[in-house]
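# An overview of the molecular structure
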Amino acid sequence: MSDSEEHHFESKADAGASKTYPQQAGTIRKNGFIVIKGRPCKVVEVSTSKTGKHGHAKCHFVAIDIFNGKKLEDIVPSSHNCDVPHVNRTEYQLIDISEDGFVSLLTSDGNTKDDLRLPTDETLLGQIKDGFAEGKDIVVTVQSAMGEEQICALKDVGPK
């Protein structure tokens, strides 16, 4: 192969970091996270049944999707592994709100992040728009899991 040849690789892969990690079902508790039907969820209720004549103790999970608020349920043998999503919360300062519903955020290293939509939650949406219209310094908390991101909370730092 000569040096003049160029190779271009079309790759959709990331650095190999998994979006989830395994955890034994019996060790997942209320307020923890779990993947149900491919969606990252926060556990709101866990009940464990006793072992039957032929089997395993089972864990019954009731959880709420962290992005759309839907209630999901799952029953898993307590000795089996469940997928648990890597959930990160990051704070950004709000710079601007565009007409098409996207927000412009300032990252901690001074760059801007412009790929996030306003939240669908009406009260949070109202608080962000009102605070921005009043010219307050607003810090939003962005929750990310399994390749999705959404604004989940805000803090009013004070007037500019």
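What you see as residue numbers is a count from 1 along each chain, following the sequence as written. In keeping with the model being predicted, local features are shown solely for residues with a pLDDT of at least 70 and side-chain atom pairs are shown and tallied solely at 80 or more, while totals for entire chains, interfaces and linings include all residues. Working from all heavy atoms in the structure, the side-chain values ignore hydrogens and water.

### Observations regarding the overall build of the chain
Runs of E in the DSSP output that reach at least two residues are strands. Runs of H or I that reach at least four are helices, and both are numbered from the N terminus. Counting its secondary structure elements, the chain contains one helix and eleven strands. The contact criterion used is simple: two residues touch if any of their non-hydrogen atoms lie within 4.5 Å. Considering only residue pairs separated by 6 or more positions, the chain has 47% of its internal contacts joining residues 24 or more positions apart. Each accessible area is a Shrake-Rupley estimate made with a 1.4 Å probe; only the visible protein chains count as cover when residues are assessed. As displayed, the chain has an accessible area near 10600 Å², and 49% of this comes from carbon and sulfur atoms.

### A short note on helix H1 (residues 122-133)
The span one expects for a helix is its residue count, reduced by one, times 1.5 Å. Between its first and last C-alpha atoms H1 spans 16 Å; for twelve residues at 1.5 Å apiece the expected length is 16 Å, and the two agree. For each residue, the accessible area found with a 1.4 Å probe, counting protein chains only, is set against the maximum for its type, and the residue is called buried under 20%, exposed over 50%, and partly exposed in between. Where H1 is concerned, the buried positions are Leu124, Leu125, Ile128 and Gly131. End-on view of H1: buried residues confined to an arc of 145 degrees, all on one side of the axis. With respect to the buried face of H1, the exposed residues turned more than 90 degrees away are Glu122, Thr123 and Ala133. Count one or two residues on from H1 and you reach Gly135, which has phi positive near 80 degrees. Working note: the arc is built from the helix axis to C-beta atom directions.

### Observations regarding a negative patch on the surface
The patches reported here contain residues having more than 30% relative accessible area and no salt bridge. Joining distances are 9 Å for like charges and 5 Å for nonpolar side chains (Val, Leu, Ile, Met, Phe, Trp, Tyr). Each reported salt bridge corresponds to a side-chain nitrogen of Lys or Arg within 4 Å of a carboxyl oxygen of Asp or Glu. Counting rule applied: Lys, Arg positive; Asp, Glu negative; His and chain ends not counted. A charge is said to be at NZ when it belongs to Lys, at CZ for Arg, at CG for Asp and at CD for Glu. Taken together, Asp96, Glu99, Asp100 and Asp114 make up a surface patch of like negative charges. For Asp100, the position within the fold is in the loop between strand S7 (88-97) and strand S8 (102-106).

### A short note on unusual backbone geometry
One non-glycine residue, Asn31, lies in positive phi territory at about 70 degrees. Within the secondary structure, Asn31 is located in the loop between strand S1 (20-24) and strand S2 (33-36). A positive phi angle, close to 50 degrees, is found at Lys37, a residue other than glycine. Checked against the element boundaries, Lys37 lands in the loop between S2 and strand S3 (39-48).

### Re the pattern of salt bridges
Evaluation of the coordinates by the stated rule reveals six salt bridges. For Lys155, the salt bridge identified is with Glu91, shortest N-O distance 3.2 Å. Linking Lys155 in strand S11 (residues 148-159) with Glu91 in strand S7, this pair joins segments that are 64 residues apart in sequence. We classify Lys155 as partly exposed; its relative accessible area is 43%. A network of salt bridges, in which partner residues are shared, links Arg39, Asp65 and Glu148.

### Considering the side chain of Thr107
Mapping Thr107 onto the fold places it in the loop between S8 and strand S9 (112-117). Taking the relative accessible area as the measure of exposure, Thr107 reaches 16% and is therefore buried. Definition of a polar contact: a pair of N or O atoms within 3.5 Å, with one able to donate and the other able to accept a hydrogen when the atoms are protein atoms, and with sequence-neighbouring residues admitted only if both atoms are side-chain atoms. One polar contact links Thr107 to Asp109, side chain to side chain, over a distance of 2.4 Å. In this view, Thr107 contacts Tyr92 and Lys113; residues no more than four positions away in its chain are not counted.

### Details of the nonpolar core
As used here, the term nonpolar core means buried Ala, Val, Leu, Ile, Met, Phe, Trp, Tyr and Cys residues forming a set that is joined through side-chain atoms within 4.5 Å. In this structure, Leu94, Val103, Leu105, Ile128, Val140, Val142 and Ile151 are the most contacted members of the largest nonpolar core, which totals 14 residues. Taken together, the elements giving at least two residues each to this core come down to S7, S8, H1 and strand S10 (136-145). Ile28, Phe61, Leu72 and Cys82 belong to the second-largest nonpolar core, a separate cluster that totals 13 residues.

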